[in-house]
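# Structural description and commentary
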Amino acid sequence: MAESPIYFTTPIYYVNAEPHLGHTYTTVVADSLVRFWTARGRDAFFVTGTDEHGDKIAQAAEKAGVTPKAYADRISGIFRSTWEATGLQPGWFVRTTDPQHTAFVQKILHEIHARGDIYFGSYTGLYCTGCERFYQERELVNGVCPDHKTAPVEIAEENYFFRMGAYQERLLALIEAQPELISPDGYRREVLGLLREPIGDLCISRPKARLQWGIELPFDDRYVTYVWFDALLSYVSALHAAGRPELWEHAHHLIAKDILKPHAVFWPTMLMAAGLPMYQRLHVHGYWQMNQDKMSKSLGNVVRPLDMQARYGMDAFRYYLLREMSFGQDAEFSEAALVTRLNADLANGFGNLASRVLAMQQRYFQGVMQPRAPEGPDLPLREAFVTARRELDAHVSQLAIHRGLESVWRALDHANKYVTDTAPFSMAKDPAKKPRVGAILHELCETLRVTSQLLAPFLPETSARLIALLGLPSATLTELDLPWGTAFAEGHRTLAPEPLFPRIDVVPE
RNA sequence: CGCGGGGUGGAGCAGUCAGGCAGCUCGCGAGGCUCAUAACCUCGAGGUCGGUGGUUCAAAUCCACCCCCCGCAACCA
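Residues numbered from 1 in each chain as written. Chains lettered and ligands numbered in written order. Predicted model: local features only at pLDDT ≥ 70, side-chain atom pairs only at ≥ 80, totals over all residues. Heavy atoms only, no water.

## With respect to empty space enclosed by the protein
- Per the counting criterion, the structure on display carries two cavities of 30 Å³ or more.
- Of the pockets and cavities examined, the second largest cavity occupies roughly 30 Å³.
- Looking at the second largest cavity, the residues that line it are Tyr25, Leu322, Met325, Phe327, Leu399, Ile401 and His402.
- Class assignment of the residues belonging to the lining of the second largest cavity gives a composition of six nonpolar, one polar and no charged. (1 Å grid on protein atoms, 1.4 Å probe; cavity = no way out; pocket = protein on both sides within 12 Å on 5 of 7 lines; lining within 4 Å. Points joined across faces, edges and corners; volume = space filled by probe spheres on them. Nonpolar A, V, L, I, M, F, W, Y, C, P; charged D, E, K, R; others polar.)

Here it is in structure tokens:
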């Protein structure tokens with residue numbers, strides 16, 4: 001392929017919580033984009049995984065009476081099995097406790113240290129002995145620790161620091177020279193704002209006296225590294241583990257806005273210090289806002305992907321997430337809105353079209369495909385799908401997946417209108433018009449086939465089912481990009497319809 | 001002047017970067033069709049695109065100022 005490979009990452013998820021809506025959204029986007037580019041003939045790959053070190057995990061494990069490793073194994077396993085069960089297919093699942101990752105982090109730390117960009121210094125802060133952690137001024141409630149209600153003491157601690165500030169000018173110049181590096185543009189401006197102030201250096205260690213659950217510094221065994229040097233490097237280490245190190249220079253990171261700073265400031269300066277190529281793009285999305293009233297009743301305010309899958313089907317859940325959120329903006333999550341989308345777009349718009357077409361094909365021709373004879377409205381129908389494909393590609397390339405889906409649905413609307421306008425169900429009563437009826441249904445079967453292919457990255461299960469109902473091999477979905485009108489050989493048979501998306505008539509509370 | 005996001009018919013939103021008849025879903029009213037998942041199609045009511053001023057042949061879109069709402073501010077996507 002002429003086009004370069006493309007490598008997507010989700011954040012690696014912290015194992016202090018089980019998979020929720022936010023994790024699922026980013027992972028669904030990554031999965032869909034990989035399927036999309038793969039379908040366009042591009043070498044596409046995505047990595048997700050779990051971030052397992054640190055204070056909170058050590059504490060949670062202690063509370064649960066297990067070792068940190070055992071605790072992390074359990075939650076990490078839940079992430080992995082959840083993605084597997086929901087059909088999200090990362091090319092690699094990285095864990096920060098993987099020996100390969102640990103070794104990679106130590107190698108990079110060693111190199112940066114040897115180059116003089118990591119130094120030993122003193123850190124002064126407000127420390128709560130109960131929590132065994134430092135507090136920021138603003139985190140305190142009336143000057144005391146919110147947990148222990150005691151005043152923290154100011155202590156100095158010796159630690160290692162990364163000379164992040166030394167790379168500030170280079171980073172600023174980079175972002176100004178490559179406006180597309182961080183998108184949407186609002187987040188780029190936010191980063192430029194951050195860079196107007198001195199960014200300072202970054203504390204990257206914790207003494208083992210306070211924290212053992214981490215990766216030991218290769219140059220001082222009294223310390224472990226803390227958070228970002230560990231987590232961010234997983235984006236690269238995962239590729240080494242997966243045997244695809246060459247993909248690094250094609251990296252596109254998908255993140256939510258809360259971790260913008262680490263990804264837009266810490267990470268690029270770390271890459272510069274490590275002498276690694278810069279990532280291609282940082283794509284920042286917004287939050288799903290919850291309406292507490294609605295969610296708290298049935299779900300305890302947590303949206304679990306497996307629950308959504310069980311209740312509505314994974315494709316409907318995927319569709320809702322992709323269609324409802326404008327990437328970069330916040331969106332509101334509600335099951336009522338999900339049901340509306342499911343009924344209006346999936347059941348009535350798409351599913352019903354498949355039902356009526358396959359039913360007529362069955363009723364009038366026992367499923368046997370009739371020859372085409374394009375005339376009048378047939379050409380505009382095909383054009384509608386050509387346009388849909390062009391718009392879908394343009395929008396998805398810019399991560400405007402919601403607009404891409406909207407384009408496909410415009411074509412589906414056209415197809416439903418085509419059925420009404422050409423009225424094959426009326427003509428079928430006149431034997432002389434049977435050939436035209438067959439030709440119309442042939443065009444409509446093509447719309448279903450093309451729709452399956454266009455939507456396969458976003459609705460993989462449904463697309464596969466529809467291709468099967470059309471009597472086509474599953475390879476059609478991914479490998480055969482056939483010109484319109486050539487997919488169905490003479491004598492081809494389609495199957496009887498079955499609902500792709502049952503309507504949901506009970507609106508959730 | 002901390003940073004960012006938002007304010008578009010009854011509800012929820014897209015469209016703003018690359019200015020050109022104001023679009024989608026739901027809801028409401030009327031009609032059509034009967035192949036289909038009580039689905040589909042047509043027509044209609046409903047908006048001075050938060051406000052004011054400016055640029056332009058042309059502004060929801062660009063510029064300036066103002067009003068209101070919401071997040072964030074070192075580890076929840």
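## Observations concerning the sheet that holds strand S1 (residues 6–14)
- Strand order in this open sheet of six strands is S3-S2-S1-S12-S13-S7, and the pairing throughout is parallel. The open sheet has two free edges, formed respectively by strand S3 (92–95) and strand S7 (182–183), since each of these has just one partner strand.
- As paired elements, S1 and strand S12 (residues 251–256) share three bridges and run parallel to each other. Directly across from Phe8, in S12, lies its bridge partner His252. (Pairing = 2+ DSSP bridges. Helix = DSSP H or I, 4+ residues; strand = E, 2+ residues; numbered from the N terminus.)

## Section: the sheet that holds strand S10 (residues 216–217)
- Taken in spatial order, the three strands of this open sheet run S9-S11-S10, and their pairing is antiparallel. Each of the sheet's edge strands pairs with one partner strand only, and the pair in question is strand S9 (205–207) and S10.
- Two elements, S9 and strand S11 (residues 220–225), share three bridges in a ladder whose sense is antiparallel. Across the sheet, residue Pro207 finds its bridge partner in S11, namely Tyr223.

## Here's the deal with the nonpolar core
- Within the largest apolar cluster, 98 residues are counted, with the highest numbers of intra-cluster contacts made by Trp288, Phe317, Leu321, Phe333, Phe350, Phe385 and Trp409.
- Of the residues forming this core, the biggest block, 13 residues, is contributed by helix H13 (residues 335–365).
- In terms of nonpolar packing, the next biggest core, distinct from the first, is built from 58 residues, Ile12, Ile204, Met270 and Val284 among them. (Core = buried A, V, L, I, M, F, W, Y, C linked by side-chain atoms within 4.5 Å. Buried < 20%, exposed > 50% of the residue type's maximum accessible area, 1.4 Å probe, protein only.)

## Some words on the pairing of S12
- Counting buried positions over the six residues of S12 gives six, a clear majority of the element.
- Neither face of S12 is exposed, since Ala251, His253 and Ile255 on one face and His252, Leu254 and Ala256 on the opposite face are all buried.
- Across five bridges, the pairing between S12 and strand S13 (residues 281–285) is parallel. Note on S13: the bridge partner recorded for His253 is Leu282.
- Crossover handedness for the path S12 to helix H9 (residues 260–274) to S13: right-handed. (Right-handed = clockwise from strand over helix to strand, strands pointing away.)

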